[in-house]
Structure formats: structure tokens, C-alpha cells
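An overview of the molecular structure
Letter by letter, the chains look like this.
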Amino acid sequence: MLTIQQIKEKIEAGLPGSKVEIQDPRRDGVHLKAIVIYKGFKDKSLVEQHQMVYATLKEELKEELHALGIETHEE
Amino acid sequence: MDEKTKTQIKDMIHKNKVFIFMKGTPDAPECGFSMRTIEILKSYKVEFGYFNIFEDEEIRQAVKEYANWPTIPQVYINGKFIGGCDITEELHKSGKLKKLIEE
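Notes on the structure in this doc start here. The shown structure was predicted, so the numbers you read here are calculated from the model rather than taken from an experiment.

What counts, and where the lines are drawn
- Residues numbered from 1 in each chain as written.
- Chains lettered and ligands numbered in written order.
- Predicted model: local features only at pLDDT ≥ 70, side-chain atom pairs only at ≥ 80, totals over all residues.
- Heavy atoms only, no water.
- Helix = DSSP H or I, 4+ residues; strand = E, 2+ residues; numbered from the N terminus.
- Rg over C-alpha atoms; globule rule 2.2 N^0.38 Å.
- Contact = heavy atoms within 4.5 Å.
- Areas by Shrake-Rupley, 256 points an atom, 1.4 Å probe, with all protein chains shown as cover.
- Lys, Arg positive; Asp, Glu negative; His and termini not counted.
- Charge placed at Lys NZ, Arg CZ, Asp CG, Glu CD.
- Buried < 20%, exposed > 50% of the residue type's maximum accessible area, 1.4 Å probe, protein only.

**Comments concerning the overall build of chain B**
For chain B, the helix and strand inventory stands at 5 helices and 6 strands. Its helices and strands taken in sequence order, chain B reads α-β-β-β-α-β-α-β-β-α-α from the N to the C terminus. Over its C-alpha atoms chain B spans a radius of gyration of 13 Å, differing by no more than 12% from the 13 Å that the globule rule assigns to 103 residues. Each of the three principal axes of chain B carries a C-alpha extent, and together these read 35 × 30 × 20 Å. Across chain B, every contact between residues at least 6 apart in sequence was considered, and the portion connecting residues at least 24 apart equals 61%. Carbon together with sulfur atoms contributes 51% to the accessible area of chain B, which is approximately 5300 Å² in total. Looking at charge distribution, chain B has the averaged site of its 16 positive side-chain charges lying 6 Å from that of its 17 negative ones.

As C-alpha cells, this is what we get:
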């Protein structure tokens, strides 16, 4: 299972210049929430924005990360 | 994804104005995200169709490819992919979901 730090780094690497915060609201290490601030979300629909985040975690999402909540902002 | 499965998915999402691929059933959701999404849909008193992805592993994998979306639940309105639990909730809070449903 990826650590919170690794998830943050993967998203930031996949979306250059983005700022990412990973929260663990239920403190269970599974139901995580990624808050992503990225200029590239401008003029993109919510679905497209979330797909951009998921694309940075393609491999991991196949198995474990079924519970990654996402919140996106342009700035 | 083979044509048969693709057609099955297309039929399902076009047969109902509002449709959800979920884990479990509306009355017995088997995942917190599916349950939360059902609660939101039920608050609109709109009739919606559903498919329990545990009943068909092929459909379960195919819908992820169809919508280019890796997780379940998945909500469709008028045959168009709207999003998963997070986006449905965000649209619900902003009032956009109401417009989409009433269109």
C-alpha cells in the first residue's frame, strides 16, 4: 500500500506545479482524501479534473485505492 | 471490452434518466460511497435505475473503461457520465445536480 507521502508525490509529479494535501479523515489509512490545487484544472469539468488526478495513480488504483476522495481547486 | 458488454452498458444508462452503477442495492448498499450517493439521489424523489456491480465482474471492469473512471459508484444522467460520490455530492451542494435531473 502506498504511503500518504508517496501518493502526494505521485500526484505532484503527474501534475507539475500542483500543490497536494492528503487527509486521512477517518484515520484508517484507507479512506483518504486528496486536495489538489493545480492551474491546469482551469476550464476543465469536475469529471475531467478528477480524471487528471486519477491518471497520476493509474497503477495503484487498480487494486487498493478504491477509497480516494478527491477535491480540486484551480488556485 | 467486447461489444456485447458495451451494448449492455449503453442500454442500461439510456433506459433510465438517472442511473447508478453501485456496490449493493439502493436498499442495501455495501459501501459507504455508494450509500452516500444513493442518499443524495433519493433526496430528489426521482426514479433511478441501478446495477449492482457485484453481480457481474465483467460489467464491473467494463464500466471503469467506459467512463474512464476507476472507482464505483458511477452516476449517469441522460446517458452522460456525471461522476462518482465526490462529484455527485459537490453538484448536489451547488444546486447543479437538481438542474441536471430536471433537464
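**Here's the deal with the environment of Lys45(B)**
All names here are of chain B. Within the element layout of this structure, Lys45 appears in the loop between helix H2 (32-42) and strand S4 (48-52). Under the relative-accessibility criterion, Lys45 is labelled exposed at 74%. Taking the C-alpha atoms as reference, Lys45 lies 13 Å from Lys17; in sequence the two are 28 residues apart.

**A look at unusual backbone geometry**
It is generally the case that most residues other than glycine have a negative phi and that most peptide bonds are trans. Residues and elements named next belong to chain B. A cis amide bond, omega 15°, links Ile72 with the succeeding residue Pro73. Mapping Pro73 onto the fold places it in the loop between helix H3 (57-67) and strand S5 (74-77). Positive phi values are uncommon outside glycine, yet Asn68 reaches one of about 50°. Secondary-structure assignment places Asn68 in the loop between H3 and S5. Of note in the backbone geometry, Asn78 takes a positive phi value of approximately 55° without being a glycine. One can find Asn78 in the loop between S5 and strand S6 (80-83).

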